[in-house]
Every structure is written in C-alpha cells, then in structure tokens.
Amino acid sequence: MKIDKQFVFSLFVILMMITWAAGMAMSYNIDVSPERVKIESIYTEPLTGQEKVAILRTGKMLIEYLYVPGEESLNKVPVYESFVSRFSDFVVLQRVEVSAENETLDQMIAPTGDVIPLDNVTETNLVDVFCENTYVQPKECLLKSI
C-alpha cells in the first residue's frame, strides 16, 4: 500500500473533524436534572436564600412583606396581591404573617440586588416605584415614558 500526501492529508482532516465533534459535544452543558423549579406569583411561607436568588435570577422583582396582622396589613395585602396579579410575569410576592413587630419587613428587591423600602409607598405610586427599579420593563412602564 502506497502512502501519498493526499492520503495523509485526508487522515489529518478526518482526525480534526472527529476531535472537533467530540470537543463540541463535551463543551455543551447538558442539564439532566429531572425537575425544574416553578416560580409561583405569591408565597405565604418564608423563602430561603436560594429560593430568593433563583427568583431574582429570572429577572423578576421580589416584594417581601412580613407583617403583624392588623388594620394596616389588611389594607396592604390586597394592594400587593392585586399588583402581583397585574404584573405576574415580572413580580413575585412573599407575604408572611409574623408574630413580633421586630420581624416585619416591607421591601422590594430588584434582580440587581437593590433593596427598595416600601414603607411609605402608596397604592398609586407602587407602579412608579416598580418601573423605576426594574430592568425588565413591562409594556405599562414603557408606555408611561411616551
């Protein structure tokens, strides 16, 4: 059998193609996890740090409302729930009833990690605060600037 330059070059090209294909196959990170985490719109139990990070990584804002039952919370809970139902693709609400006043929390966390206190935010300017701090803009926010 006679080995010439064309045969050697052909073997070289075939070897390169095989190693390229194997390298491409190994470079793809194939996710074999059987379950995907479904993000709910409203949580009534405290979220773990990992759950909060998972929500924020999707680009959604997180409203944390930990409250002591009372008249103020009876007014605010429906406002937040209505807001979240309106912007369910962009916001997640964590509303948890707590027993002590020092455990309360009323804030919005942006995907960038910015924390926006909502203590003095009213129902009328909640959308404005949301639009100013989210980087995934719903059409309502985009149409406001026109």
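Predicted model only: the values in this text are computed from it and were never measured. (Residues numbered from 1 in each chain as written. Predicted model: local features only at pLDDT ≥ 70, side-chain atom pairs only at ≥ 80, totals over all residues. Heavy atoms only, no water.)

**Here we look at the environment of V115**
Moving on, step 1. Assignment of secondary structure puts V115 in strand β5 (residues 115-117).
Moving on, step 2. Considering only alpha carbons, one finds V115 and V129, 14 residues apart in sequence, at a separation of 12 Å.
Moving on, step 3. Filtering out sequence-adjacent residues up to four positions away, V115 remains in contact with Q107, M108 and I109. (Helix = DSSP H or I, 4+ residues; strand = E, 2+ residues; numbered from the N terminus. Contact = heavy atoms within 4.5 Å.)

**What to know about the pattern of salt bridges**
Moving on, step 1. Under the counting rule described, the total for this entry stands at three salt bridges.
Moving on, step 2. Measuring nitrogen to oxygen at the nearest pair gives 2.5 Å for the salt bridge that ties E81 to R95. Placement of the pair is E81 in helix α3 (residues 71-86) and R95 in strand β3 (residues 91-97), with a sequence separation of 14 residues. (Salt bridge = Lys/Arg side-chain N within 4 Å of Asp/Glu carboxyl O.)

**Details of the state of the cysteines**
Moving on, step 1. In this structure the tally under the stated criterion is one disulfide.
Moving on, step 2. Sulfur-sulfur distance for the disulfide between C131 and C141 comes to 1.9 Å. On the S-S bond that ties C131 to C141, the torsion sits near -75 degrees, and the link is left-handed. Remark: C141 occurs in helix α5 (residues 139-144) and C131 occurs in helix α4 (residues 126-133); sequence separation between them is 10 residues.
Moving on, step 3. Residue classification places C141 among the buried residues on the basis of a relative accessible area of 6%. (Disulfide = S-S within 2.5 Å. Buried < 20%, exposed > 50% of the residue type's maximum accessible area, 1.4 Å probe, protein only.)

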